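Architecture at a glance
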Amino acid sequence: MRNAHFSRPSVSNLTILLGMLFVSPAVNRSIHAQAASEEEIVVTAEEVPSAYGAPPGLSRSRLSNTTQAYVLPPWAFFFGEIFEGQGFRHGPPDYLFTQEIEMGLPYRFGVAAESKFERFNGGGGAQTVSLEARWALADWNKIPLNPTLFAEYKFGVGTIRHEEVPPPPGGGGEEEEEEEGGPPKVPDAYEVRLLLAQEFGGRFEWAMNWFFEKENTGDRGREWGFSQAVITPVLLPNERLKVGLEMEYKNFTTKDTRGDPLNSFVIGPSVAWKPTASTRLDVSPLFGCTDDSPVADVFVVFSWLFGNERAEAEAPVSSRFRYLSDVSYSRSGKDSGKEMKQVAYVPPCPEWYGDREWNVNLWGTYAFTNTEFAPNPSLVDLVQSTSEGGPVLGTYDRYIGGDHAWGGGGDIKYFFCRYVGLGVEGFALDASKPGFDIFEDQAVPIFVHRRINHDHTIGSVLGTLTLRYPIPCTRLAPYAWAGVGAIFGGGERDTLHTQGPPDAFAVNAQTEHFGSETKVLGQFGAGLEFRFSRHVAMINDLSFGVIDGPKNNFGMFRSGLNFAF
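Presented here is a report on the structure given in the accompanying data block. (Residues numbered from 1 in each chain as written. Predicted model: local features only at pLDDT ≥ 70, side-chain atom pairs only at ≥ 80, totals over all residues. Heavy atoms only, no water.)

Check the secondary structure of the chain and you find 4 helices and 22 strands. Burial status across the chain gives 43% buried among its 565 residues. Restricting the contact set of the chain to residue pairs at least 6 apart, pairs at least 24 apart contribute 64%. Taken as a whole, the chain presents about 28800 Å² of accessible surface, with 61% of it coming from carbon and sulfur. (Helix = DSSP H or I, 4+ residues; strand = E, 2+ residues; numbered from the N terminus. Buried < 20%, exposed > 50% of the residue type's maximum accessible area, 1.4 Å probe, protein only. Contact = heavy atoms within 4.5 Å. Areas by Shrake-Rupley, 256 points an atom, 1.4 Å probe, with all protein chains shown as cover.)

Following this line, the structure appears as structure tokens:
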């Protein structure tokens, strides 16, 4: 039998073993703690682009319906549909519809374009087309109140339908001028503004605009004043609902009323609701507080902020968003007091536009002329004035005829590189032009006088050159184009010939009718394309057509779809 020998562990070995058992968890905790301290916490909050560190609510071009603020982030786009309805103490209401699109540029610049339409007392049409620019003096919170400079030039494209001041006592001269020359044209004007904006206490957003506007011709209207608004979110997170208060004061005079200005002041609540992260609906019923103010001035605005797809989802300088980040962090079971690093994954840029591609566009269009036909000219006065050598017809477009026309068209283009394309375009307009038919013969005697209407379809075919610039890492491409071709189907006119004494009831008169003419058409314009997918896009643009003299020129808005192959 062998003797078994068991060795007894020494005290030193046992001490080392127990030490390892206690030290190992501590080392592990230290390692994990170090890893946790270096771990990057990704906060999955709503991605809202920020302009140079400004809160997202102040990075949308408009803080409220009457007040603008700061600038857009670079390569972000703001699109707005604006309705304004004014109810007056006397007379029918006035309705204004405005489309606005603005683009943010680097170095705190921004550019925008606007088109305004008016509906008043049964009539309506285009009023102005505007070009705007703004520049912020510094990044957000580098200068108190974050001043931003704003300049706008308005091109009058329609006729004045509603005067801002009542007519002078006695009327007289201006009414006679309107009867002979037709309704007065909306004058060009310029406007400058100082935009101020600030966030207070991490919850209240405030903005104020000081503005000055002056018309270049006509009664040379001059307007100055201010608007301001303050809003605060009531639904967190993501600020889906905001409420606030806004007001606007205007001091308006004309060349004849410089010492007796019209003073308008309106004030009321404002509500802003975001159905999605990039869209917003604003409603502001404002109420007049002076005798010169409208009884009510109601705004409804739908806006869409898009583009800037490479913007990081890093929270801007706003305590509201730091609060949301702390909440998200604390819910993860970690200490919200520890410093976090927010990281957003930026995917590679998709290619929305091809280097070589065919484009097929289908669009609807609204055309507006440079002048407007005088409403209901007296045919007896027409005979009288013609026999005296000065016919009273009013100003009117000599080719399309009326003050506007609706239609549609399409074009096909081939882009042989990403930026340049050649194509063919065609469109048709449903036009209408008033006229007259007069026959007077003293030998019979007979006097026929009746109004007629030239309903006609105007068509055009042009060859076009298009230049576009697909903005990197966005779905957007601004473009400009020009074309030359022929326009046909318009140009009817009625001419009256008279013989005899300058007396409407003793002269011989006869109408000569001229049919349609084919003319050379030059057209140029600019617009914006937005790609829903690689092969389908939406286009919107504004163009001007030139036909043999200024009284034939016309403008055209187009909106439709582009199919790329």
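After that view, the rundown keeps rolling.
What follows is about the packing of aromatic side chains. Tallied over the entire structure, the rule returns 19 aromatic pairs. Seen in terms of ring centroids, Phe-83 and Phe-97 are 5.4 Å apart; in terms of plane orientation they differ by 50 degrees. Their pairing is tilted. Here the residue Phe-83 occupies a position in strand E1 (residues 76–87), and Phe-97 occupies one in strand E2 (residues 94–105), the gap between them amounting to 14 residues. Here Phe-83 falls in the partly exposed class, since its relative accessible area comes to 25%. Ring centres of Trp-224 and Tyr-249 lie 5.7 Å apart, and the angle between their planes is 65 degrees; on these two criteria the pair is classed as edge-to-face. Within this pair, whereas Trp-224 is found in strand E8 (residues 222–235), its partner Tyr-249 is found in strand E9 (residues 241–253), the two being separated by 25 residues in sequence. An aromatic cluster of three or more residues is present, and its members are Phe-117, Tyr-366, Phe-368, Trp-406 and Phe-557. (Phe/Tyr/Trp six-rings, centres within 6.5 Å; stacked < 30°, edge-to-face > 60°.)

With that settled, consider unusual backbone geometry. Working note: non-glycine residues mostly have negative phi, and peptide bonds are mostly trans. The phi torsion at Trp-75 lies on the positive side, around 65 degrees, for a residue other than glycine. Position of Trp-75 among the secondary structure elements: in the loop between helix H1 (11–38) and E1. Residue classification places Trp-75 among the partly exposed residues on the basis of a relative accessible area of 30%. In this structure, Asn-146 takes a positive phi of about 45 degrees despite not being glycine. Locating Asn-146 in the fold gives a position in the loop between strand E4 (123–136) and strand E5 (148–156). Overall, the relative accessible area of 3% leaves Asn-146 in the buried class.

We now examine the nonpolar core. Ranked by size, the top nonpolar core spans 18 residues in total, and within it Ile-400, Phe-427, Leu-429, Ile-458, Ile-487, Leu-521 and Phe-554 carry the most contacts. Those elements that provide at least two residues to this core are strand E13 (357–369), strand E15 (420–441), strand E16 (446–468), strand E17 (476–490) and strand E22 (554–564). Among all residues touching Leu-521, those that are not within four sequence positions of it are Phe-427, Ser-460, Leu-462, Gly-483, Val-484, Gly-485, Ala-486, Ile-487, Gly-545, Val-546, Ile-547 and Phe-554. Within the second largest apolar cluster, 13 residues are counted, among which are Ala-51, Leu-63, Ala-69 and Tyr-70. (Core = buried A, V, L, I, M, F, W, Y, C linked by side-chain atoms within 4.5 Å.)

Our focus in this paragraph is the sheet that holds E4. One closed barrel accounts for 12 strands, arranged E1-E2-E3-E4-E5-E6-E7-E8-E9-E10-E11-E12; its pairing is antiparallel. The average angle at which neighbouring strand axes cross in this sheet is 20 degrees, direction not considered. Strand direction decides the pairing type here: strand E6 (residues 189–200) and strand E7 (residues 204–215), joined by 12 bridges, are antiparallel. Within the sheet, the bridge partner assigned to Glu-191 lies in E7 and is Glu-213. (Pairing = 2+ DSSP bridges. Axes fitted to C-alpha atoms, helices over the stretch in contact; angles between N-to-C directions.)

Pairing of E13 with strand E14 (residues 404–415) involves 12 bridges; the strand directions are antiparallel. What sits directly across from Phe-368, in E14, is His-404. Sheet topology places E13 next to E22; 11 bridges connect them, and they run antiparallel. Note that in E22 the partner of Leu-362 across the bridge is Leu-561.

What follows deals with empty space enclosed by the protein. What the rule picks out here adds up to 4 cavities of 30 Å³ or more. Lining the largest cavity are 16 residues, and of these Asn-361, Asp-411, Lys-413, Thr-466 and Tyr-479 sit closest to its centre. Contributing elements (two or more residues each) for the lining of the largest cavity: E13, E14, E16, E17, strand E21 (536–546) and E22. Tallied by class, the residues present in the lining of the largest cavity amount to 4 nonpolar, 5 polar and 7 charged. (1 Å grid on protein atoms, 1.4 Å probe; cavity = no way out; pocket = protein on both sides within 12 Å on 5 of 7 lines; lining within 4 Å. Points joined across faces, edges and corners; volume = space filled by probe spheres on them. Nonpolar A, V, L, I, M, F, W, Y, C, P; charged D, E, K, R; others polar.)

Strand direction decides the pairing type here: strand E10 (residues 262–273) and strand E11 (residues 279–288), joined by 5 bridges, are antiparallel. From the neighbouring strand, Val-266 faces E11, where its bridge partner is Gly-288. Hairpin connection, E10 to E11: the antiparallel pair is bridged by 5 residues. Pairing between E11 and strand E12 (residues 296–307): 9 bridges, direction antiparallel. Its bridge partner being in E12, Leu-286 is matched across the sheet by Asp-297.

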